Amino acid sequence: MSQFQSHHASHDREIESLDEFDRVVSSPGSLAHHRVQAVDLTDRTDALLAADPTGAVFLGCPMEPGAAAGVRAAGALVFPPIPGLPFDPYRGRVYSPDELYARLGEGYEATPDALAYDWFQQTRADGDVFASMLRAIHDDAVSDALDELVVGSRVVGVMGGHAMARGTTEYAGAARLGRELTRAGLTVATGGGPGAMEAANLGAYAAPFDDRMLDEALMLLAKVPSFAPSIADWARSAFEVRERWPGGGASIGIPTWFYGHEPPNAFAAHIAKYFANATREDGLLARSTAGVVFLPGAAGTLQEIFDNATPNYYESRGEPTPMVLVDRRHWTETLPAWPLLRSLAKGRTMESRIALVDRIDEAPEALKRVGG
């Protein structure tokens, strides 16, 4: 059997931690056709040489030279770690806010998030094919991890602009929307950035707490209304809320380094960050199987509306998913997406799956109504 003939079976043979590795090699001691992702195996030489690695693939796993040579000779593929990168292209899990904002105390510029963006800017400019390959591998690994994360979840997307400032009525409304959707048993997924995206992730985080918690959190955050001029201050205020009320509800953020001026927010428990914005956009919408709520936004949100409408129109992902646009005036006058969306949907299955509401607090009921 070739490395690739076992593709479908290999999904259940992924090893993404040292504990998983130890369990697999303990009994019966075979690594055959497993995929080992970014696990430090420098202290597991004896286990590596004793186990059958036929058809195994090691992706970015540090190991002793003798161990690497041994498993390679026994039929494994070994893709060594890439030195000097500010990210791991072979990572087996999505990011956490703490991981992306490590060393925030030294300033945002010192964080892994900022360093990855700087690397992206440099390599994108010089057109290095090796760097392009590393970005693609990273994004595919993140997609794989995200798929594993959302298995069995009813994911609802909340889209909206990054310009929505903390301390505004709109921001508070988006937070309450995220809280209500989470309390209804849905998993909130956003673009993972500031503004409306942060507000919805904050609301999901606040779901286990009472109204007072969210009110106080909104007041604390309002002291730093925007990520400009200081991303560090903006992020620190979010971590302050998390430290004051630990154990919040989980949600997903799916941001991109393509928009480097939009840092990830700290309220999404799980962050799937991409280099390729197109991959990120399509992945976010495709995984929002319980529907999408579109809050007022500009070009990015407008793009997301029709990126979502297209597969609903053609039913290329199966039955159309619900779409709820919030703020009638915004979507009929300021940016008249609704008339076009309604015309596009006319006479098709998706016609009964779209809705336009005036206020954010109407969105959950509208989502339920057009959910089919």
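Each value, and the rule that gives it
- Residues numbered from 1 in each chain as written.
- Predicted model: local features only at pLDDT ≥ 70, side-chain atom pairs only at ≥ 80, totals over all residues.
- Heavy atoms only, no water.
- Axes fitted to C-alpha atoms, helices over the stretch in contact; angles between N-to-C directions.
- Helix = DSSP H or I, 4+ residues; strand = E, 2+ residues; numbered from the N terminus.
- Parallel < 35°, antiparallel > 145°, perpendicular 65-115°, else oblique.
- Left-handed = near helix turned anticlockwise from the far one by under 90°.
- Contact = heavy atoms within 4.5 Å.
- Nonpolar A, V, L, I, M, F, W, Y, C, P; charged D, E, K, R; others polar.
- Buried < 20%, exposed > 50% of the residue type's maximum accessible area, 1.4 Å probe, protein only.
- Arc of directions from axis to C-beta.
- Pairing = 2+ DSSP bridges.

An unreviewed UniProt entry annotates the chain as LOG family protein of Streptomyces rubrogriseus.

Focus on the packing of helix α8 (residues 169-183) against helix α9 (residues 196-206)
At their nearest, the axes of α8 and α9 sit 6 Å apart, and the two run at 45 degrees to each other. The angle between α8 and α9 places the two elements in the oblique class. For the crossing formed where α8 meets α9, the hand is right-handed. In this structure, α8 contributes Tyr 171, Ala 174, Ala 175, Gly 178, Arg 179, Thr 182 and Arg 183 to the contact, and α9 contributes Ala 196, Glu 198, Ala 199, Ala 200, Leu 202, Gly 203, Ala 204 and Ala 206. Classifying every residue of the contact of α8 with α9 by side-chain character gives nine nonpolar, three polar and three charged.

A word on helix α15 (residues 337-345)
Within the sequence span of α15, burial applies to Ala 337, Trp 338, Leu 341 and Ala 345. The arc enclosing the buried residues of α15, seen along the axis, measures out at 90 degrees, which places them on a common side. Looking one or two places after α15, you find Gly 347, whose phi comes out positive at around 80 degrees.

Quick notes on the sheet that holds strand β11 (residues 354-357)
Consider a sheet: its strands pair through backbone hydrogen bonds, and that pairing is either parallel or antiparallel. Here we have seven strands laid out as an open sheet, ordered β8-β7-β6-β5-β9-β10-β11, and parallel in their pairing. Each edge of the sheet is formed by a strand with only one pairing partner; in this case those strands are β8 (270-271) and β11. Where strand β5 (residues 155-159) lies against strand β9 (residues 292-294), three bridges are found, and the strand directions are parallel. Its bridge partner lying in β9, Val 158 is registered against Val 293.

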